[in-house]
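# Summary of the model geometry
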Amino acid sequence: MKILFFGDYSNLHACLARELRTRGHEVTVISDGGRYMDTEKDILLDRNPGRFGAVRYLFRLFSLIPSLKDYDVVQLINPHFLHLRPGRIKYFFDILKRNNRKIFLTLAGNDYHFVKACLDGKIFRFSEFEVCGKPTEFESVTHHAQGWTGPGMKEFADYIYSHIDGAMSVLPEYDMAARPILGDKVAFTNIPVDTSSLRPEPLDLSGKVNLFIGMREGMEIQKGTARLLAIARRLEREMPERCMVTCVRNLPLKEYLARMKESHIVLDQLYSYSPGTNAFQAMALGNVAATGAQPEFYKYIGEPDRGAIIPLSPLVSDKEWEERLRQLILNPAQLQTMADEGRRIVTTHNDVATVADKFEAHWKNLL
């Protein structure tokens, strides 16, 4: 097949593209490279700030569009796959749909229907926007959800959802929000991870336990990483002979993974129901992940909770998470068992070959 991946988050589409090329498919990835992450892409499409950046972006997009035709599959990373207003995105979406065989949507990141599900209290117990019906610090400061649910956003999301041929949900929470609307158009796939390139090594437990946290500028409150860093720093001050904190910011992906590999526990995010790409990569590398791991996650992957993941959530107090981490630091022998089980989960459910099989099957079923 001839496949176009339009947009990318955390190397998700690029990871799939590498695997699909080994199977004989002709694959093109267009993305901004995740900006500082510098993820893999065939065509760079990025937008700089300001009016000049907008003009340059549109010029680049118009120059690309004539060549983006005759693909069997166009896979969009999100309804907002372009850094444009919804009306302009719709214009380019219609061109892609008209000039290619089928359009599919990767359910990842925010859109109207996902954010609305986070707010209505019917599906999720918590989200980065609300916890137990009350706005989070992030939402109180930014009013971010209002942007996703404001005028015209529902109409745009409904248009995209009704005109795609199929969709792939990469996390249970995206599936939970979209399936009532899209029904059998959705296939749950999991996030792909190239486990063959992320080789684990036995944890060195002879020295300090290394608590690792990667910060994305501007997202410290949104993902809860600022709170997690504060917890880690308190433990470091309390037990400097037993633990240390490694905090990195805005590193290219390859450098980031190399730094993460040196750690023991990776503090990922507080408001997710499931591990995301960062946590899955940590688990593949043989680290212990502290991240989302709600019962819904285990139900979706068909696994019992064997304690491989430290299941962070805002429903539990920071003091309780601090105590949980303290006990692991004081009794580090159990970390290797947790790491081994985490690696097994990723290789079983997230290996890129397994996920690519699911993408291929869904494409072929609907082509």
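### Overview of the layout of surface pockets
Reported here for the second largest pocket is a volume of approximately 380 Å³. Lining the second largest pocket are 21 residues, and of these Asn11, Arg18, Glu40, Leu253 and Leu257 lie nearest its centre. Elements with a minimum of two residues in the lining of the second largest pocket: α1 (12–22), α10 (253–261) and α11 (277–284). Across the lining of the second largest pocket, the residue classes break down as 10 nonpolar, 6 polar and 5 charged.

### Notes on the packing of aromatic side chains
Counted under the stated rule, the structure contains 16 aromatic pairs. For the ring pair phenylalanine 212 and tyrosine 256, a centre distance of 5.5 Å and an interplane angle of 65 degrees mean the geometry is edge-to-face. Pair noted here: phenylalanine 212 is in strand β10 (residues 209–215) and tyrosine 256 is in helix α10, with a separation of 44 residues, a long-range link. Here phenylalanine 212 matches tyrosine 256 in class, with each residue buried. The interplanar angle of 45 degrees and the centroid separation of 6.3 Å between the aromatic rings of phenylalanine 280 and phenylalanine 297 together place this pair among those described as tilted. Linking phenylalanine 280 in helix α11 with phenylalanine 297 in helix α12 (residues 295–301), this pair joins segments that are 17 residues apart in sequence. Phenylalanine 297 shares its class with phenylalanine 280; the two are buried. Site record: aromatic cluster; members linked through ring pairs are Phe114, Phe124, Phe126, Tyr174 and Tyr273. Stacked on the ring of tyrosine 71, the Lys or Arg lysine 2 has its end atom at 4.6 Å from the ring centre. The positively charged end of lysine 90 is found above the aromatic ring belonging to tyrosine 159, 4.4 Å away from the centroid.

### Section: the pairing of strand β2 (residues 26–31)
The buried count for β2 comes to 5 of 6 residues, which makes it a mostly enclosed element. As paired elements, strand β1 (residues 2–6) and β2 share 5 bridges and run parallel to each other. Each residue of the ladder has a partner; that of isoleucine 3, found in β2, is valine 27. A crossover links β1 with its parallel partner β2, the connecting element being α1, and its sense is right-handed. Of the strand pairs in this sheet, β2 and strand β3 (residues 43–44) are connected by 2 bridges, and their pairing is parallel.

### Things to note about the environment of aspartate 42
Inspection of the secondary structure puts aspartate 42 in the loop between β2 and β3. Sequence separation between aspartate 42 and glutamate 322 is 280 residues, and the spatial gap between their C-alpha atoms is 43 Å. Separated by 2.7 Å, the side chains of aspartate 42 and arginine 21 make a polar contact.

### A short note on the sheet that holds β2
Taken together, the 7 strands give an open sheet; going across it, the order is β3-β2-β1-β4-β5-β8-β9, and neighbouring strands pair in parallel fashion. Both edges of this open sheet fall to β3 and β9 (186–188), since each of them pairs with a single strand only. Bridge count for strand β5 (residues 102–107) against strand β8 (residues 166–169) is 4 bridges, and the pairing is parallel. Counted as the bridge partner of leucine 105 is alanine 167 from β8. Where helix α3 (residues 86–99) meets the sheet, its contacts fall on β1, β4 (73–76) and β5, and the angle it forms with β5 comes to roughly 130 degrees.

### As for the side chain of glutamine 269
Relative to the helices and strands, glutamine 269 is located in the loop between β12 (265–267) and α11. Sequence-distant contacts of glutamine 269, defined by excluding residues within four places in its chain, comprise Lys223, Leu228, Gly276, Ala290, Thr291, Gly292 and Leu312.

### Notes on empty space enclosed by the protein
A complete count under the given rule lists 1 cavity of 30 Å³ or more for this structure. In this structure, the largest cavity spans a volume of roughly 70 Å³. Around the largest cavity sit Asn78, Pro79, Leu107, Ala108, Gly109, Asp111, Phe114, Tyr161, Tyr174, Ala177 and Ala178, which together line it. With 3 residues, the top contributor of residues to the lining of the largest cavity is helix α8 (residues 172–182). The class makeup of the residues in the lining of the largest cavity is 8 nonpolar, 2 polar and 1 charged.

### A word on α11
Residue pairs three or four apart in sequence face the same way in an α-helix, which turns once every 3.6 residues. With 8 of 8 residues buried, α11 lies mostly within the body of the structure. For α11, the full list of buried residues reads Thr277, Asn278, Ala279, Phe280, Gln281, Ala282, Met283 and Ala284. Buried residues along α11 sit in contact with α10, β12, β13 (288–291), α12 and α14 (334–349). Looking at the residues trailing α11, positive phi occurs at glycine 286, about 90 degrees.

### Structural notes on the environment of leucine 315
Within the secondary structure, leucine 315 sits in the loop between β14 (310–311) and α13 (318–330). Among the residues examined, leucine 315 registers a relative accessible area of 39% and is labelled partly exposed. With 183 residues separating them in the primary sequence, leucine 315 and cysteine 132 have C-alpha atoms 8.2 Å apart. The residues touching leucine 315, leaving out its near neighbours within four places in the chain, are Arg125, Phe126, Val131 and Cys132.

### Things to note about the pairing of β1
By the criterion of burial, β1 is predominantly enclosed, with 4 of the 5 residues buried. Relative to β4, β1 runs parallel, the two sharing 4 bridges. Note that in β4 the partner of phenylalanine 5 across the bridge is glutamine 75.

Reading the values: the criteria
Residues numbered from 1 in each chain as written. Predicted model: local features only at pLDDT ≥ 70, side-chain atom pairs only at ≥ 80, totals over all residues. Heavy atoms only, no water. 1 Å grid on protein atoms, 1.4 Å probe; cavity = no way out; pocket = protein on both sides within 12 Å on 5 of 7 lines; lining within 4 Å. Points joined across faces, edges and corners; volume = space filled by probe spheres on them. Helix = DSSP H or I, 4+ residues; strand = E, 2+ residues; numbered from the N terminus. Nonpolar A, V, L, I, M, F, W, Y, C, P; charged D, E, K, R; others polar. Phe/Tyr/Trp six-rings, centres within 6.5 Å; stacked < 30°, edge-to-face > 60°. Buried < 20%, exposed > 50% of the residue type's maximum accessible area, 1.4 Å probe, protein only. Lys NZ or Arg CZ within 6 Å of the ring centre and 35° of its normal. Pairing = 2+ DSSP bridges. Right-handed = clockwise from strand over helix to strand, strands pointing away. Polar contact = N/O pair within 3.5 Å; in protein donor to acceptor, adjacent residues only side chain to side chain. Contact = heavy atoms within 4.5 Å. Axes fitted to C-alpha atoms, helices over the stretch in contact; angles between N-to-C directions.

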